[in-house]
Amino acid sequence: MSQLRFTKDHEWVRVEGTTATVGITEFAQGQLGDVVFVEVPTKGKALNAGGEAAVVESVKAASEVYAPVSGSVTEGNAALPDAPDTVNKDPQGAGWFFKMTISNPSELDALMDQAAYDKFVADAS
Amino acid sequence: MADPAGADLKTTPLNALHISLGGKMVPFAGYSMPVQYPLGVLKEHLHTRAHAGLFDVSHMGQAELTGDDVIGALESLIPGDLKGLAAGRIRYSTLLTETGGIIDDLMITKPAEPGSEKKLFLIVNAGCKEGDFDHILRRLGSRIKLTRFEDRALLALQGPSAAKVLVRFAAGCDAMAFMSSRVAKFALASGHDVDVRLFRSGYTGEDGYEISIPGDRAEAVANALLAQPEIQPIGLGARDSLRLEAGLCLYGSDIDTTTTPVEANLSWIIGKRRKLEGGFPGANKIIEQINMGAQKMRVGIQPIGKAPARAHTEILDEIGKTIGEITSGGFGPSVNKPVAMGYIQTAFATPGTKVQLMVRGQTLPAEVVALPFAPHRYFKSKS
């Protein structure tokens, strides 16, 4: 069973055992607008929770994608740099940014579940 | 969002229209303005270059100067030749500090209509308008009268279809020369005419018009234009990417009081007669820069890879020495690659010069290029 968690920076993280897939949420892609550039981390890159992990840029602005938890990158989404608009079209599916190992599962406790994130977005807008 | 714009922001006469069109409203120069509509920045940009777009630029300052020697008076604040400006024509110029810095860039129109021989029409930047008008009054108050048109709206209709759309409402406007202006009747379907002033000018590099309209008729005019199949509403986001591709300066980013027109690569705005006679603020410094060269120049910067370089990105030479800074940068939807401009030491300003950009702690290859990135497609009159 996978579980979906969210950060206050509008990343989603799908947890399967000790690994996770990370991307940005539907709300985040909407706020960002048309994504024109993506930089994903390479395999083996060490990530600290809250640290910069990837880059996403729209026509107007550059944003960082932060690591939701600590761990090590196992795969960056190699398809994204050549098709950055995938982030707009399918942010929580094909638009994933990277997969990683989870070195400290207790960090997941600080993240929001779907209901809490929905409320977080509603309150912010 | 409830009211992201906040309470203290001014609104334009088209505010209700922006909201009904789904505009995403953001604070800009003290106004609540649409940064984009549901189409989104990328498609709005491409639509403008393919067809035409309608922009609300009512936040900009509109004013009329009147005086027996209005031309001589305004020439004392700008480097442009207004004496040589024909009636009905528009000149792009800059208000200058005593050291030749740019207080603002503006459009100056010499109206052709009878009775307007002692008048000039000004359009200045929204964020600068209070300061500009104060400056003009302080310097010229005894020589001219300044009338602000706070109640007028300003629309920009930009793109290759602009003329064929506007001519449906304003007969003959398609024959207007680039950088010309005249008053016109905008014929609404209701049979009512709206008195407007047309300018064949813009901020996208495309053919198009700016239309000054009484504020209370602006929504009717905008709706009439938006009902045309070629037209989409366009927000400030695409306005910025369009002007950047066109190599046009954004005040406060690419030009300000620390840059002269020569450094800004705007030497063409300095009239031949003005170069000889001087008599404008900072003339000594500016004329010396024309003759001897300036220390830094505004240039186009083409990042070689896919990563955009944003404003304030450091420009380095091939051995890693800082030689300049990006002042505007982003992604150019029409050229489909990153585009930027910035200031660089003059020794490196030749197109083709290889440079590096410091982006997120890494150096990325780039090249100095001639502006614009997207070729200008202004209207050329058949003579």
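Residues numbered from 1 in each chain as written. Chains lettered and ligands numbered in written order. Predicted model: local features only at pLDDT ≥ 70, side-chain atom pairs only at ≥ 80, totals over all residues. Heavy atoms only, no water.

The next thing to look at is the packing of helix α2 (residues 41-50) of chain B against helix α7 (residues 236-245) of chain B. All names here are of chain B. Interhelical geometry of α2 versus α7 gives an angle of 55° and a closest axis separation of 8 Å. Between α2 and α7, the interaxial angle falls into the category oblique. Relative to α7, α2 is oriented so that their crossing is right-handed. Residues Val41, Glu44, His45, Thr48 and Arg49 of α2 pack against Gly237, Ala238, Ser241, Leu242 and Glu245 of α7. Taken together, the residues of the contact of α2 with α7 break down into 3 nonpolar, 4 polar and 3 charged. (Axes fitted to C-alpha atoms, helices over the stretch in contact; angles between N-to-C directions. Helix = DSSP H or I, 4+ residues; strand = E, 2+ residues; numbered from the N terminus. Parallel < 35°, antiparallel > 145°, perpendicular 65-115°, else oblique. Left-handed = near helix turned anticlockwise from the far one by under 90°. Contact = heavy atoms within 4.5 Å. Nonpolar A, V, L, I, M, F, W, Y, C, P; charged D, E, K, R; others polar.)

This part takes up the confidence of the model for chain B. Regions with low pLDDT carry predicted coordinates that are not meant to be interpreted in detail. Chain-level statistics for chain B give a pLDDT mean of 96 and a share of 98% at 70 or above. Long-range and interchain partners of residues 1-5 of chain B, a stretch whose pLDDT sits below 50, account for 7 contacts in this model, where long-range means more than four residues apart. (pLDDT = per-residue confidence, 0-100.)

In this section: the interface of chain A and chain B. Each partner contributes to the interface: chain A provides 17 residues, whereas chain B provides 18 residues. Buried area between chain A and chain B, summed over both chains or domains, comes out near 1500 Å², and the portion from carbon and sulfur atoms is 52%. Ranking the residues of chain A by area buried against chain B places A:Asp34, A:Val59 and A:Lys60 at the top, with a combined share of 37%. Inspection of the chain A/chain B interface yields 4 salt bridges. Our enumeration of links across chain A and chain B arrives at 11 residue pairs in polar contact (both at pLDDT 80 or more). Contributions of two or more residues to the side of chain A that touches chain B are made by α1 (26-32), β4 (35-39), β6 (52-58) and β7 (62-66) of chain A. Grouping the amino acids of the side of chain A that touches chain B by side-chain chemistry returns 7 nonpolar, 4 polar and 6 charged. (Buried area = accessible area lost by both parts, 1.4 Å probe. Salt bridge = Lys/Arg side-chain N within 4 Å of Asp/Glu carboxyl O. Polar contact = N/O pair within 3.5 Å; in protein donor to acceptor, adjacent residues only side chain to side chain.)

Residue and element names in this part refer to chain B. The full count for this structure, using the stated rule, is 3 cavities of 30 Å³ or more. For the largest cavity, the calculated volume is near 70 Å³. Looking at the largest cavity, the residues that line it are Leu14, Leu17, His18, Leu21, Tyr37, Leu54, Phe55, Asp56, Leu155, Ala222, Leu226 and Pro233. Take the lining of the largest cavity: its biggest share by element is 3 residues, from strand β3 (residues 52-56). Of the residues that constitute the lining of the largest cavity, the class distribution is 10 nonpolar, 1 polar and 1 charged. (1 Å grid on protein atoms, 1.4 Å probe; cavity = no way out; pocket = protein on both sides within 12 Å on 5 of 7 lines; lining within 4 Å. Points joined across faces, edges and corners; volume = space filled by probe spheres on them.)

Turning our attention to the sheet that holds strand β8 (residues 145-148) of chain B. All names here are of chain B. Overall, antiparallel pairing links the 5 strands, which are arranged β5-β6-β7-β4-β8 in an open sheet. The open sheet has two free edges, formed respectively by β5 (89-96) and β8, since each of these has just one partner strand. On average, each strand axis in the sheet is tilted by 30° relative to the strand beside it, whichever way the strands run. Where helix α4 (residues 129-140) meets the sheet, it contacts β4 (61-66), β5, β6 (102-110), β7 (119-124) and β8, and its direction lies at approximately 160° from that of β8. (Pairing = 2+ DSSP bridges.)

Our focus in this paragraph is the nonpolar core. In this structure, B:Tyr92, B:Ile123, B:Ile255 and B:Leu266 are the most contacted members of the largest nonpolar core, which totals 39 residues. For this core, the elements supplying multiple residues, two or more each, are β4 of chain A together with β5, β6, β7, β9 (152-158), α7 and α9 (283-292) of chain B. The leading source of residues in this core is β5(B), at 3 residues. Contact partners of B:Ile255, with chain neighbours within four places excluded, come to B:Tyr92, B:Ile102, B:Asp105, B:Cys249, B:Leu250, B:Ala264, B:Leu266 and B:Tyr343. (Core = buried A, V, L, I, M, F, W, Y, C linked by side-chain atoms within 4.5 Å. Buried < 20%, exposed > 50% of the residue type's maximum accessible area, 1.4 Å probe, protein only.)

Residue and element names in this part refer to chain B. Its place among the elements puts Lys129 in helix α4. Buried charge Lys129 goes without a salt bridge, the closest partner of opposite sign being Glu150 at 4.6 Å. For Lys129, the contacting residues outside a window of four places in its chain are Tyr31, His59, Met60, Gly61, Val124 and Arg148. (Lys, Arg positive; Asp, Glu negative; His and termini not counted.)

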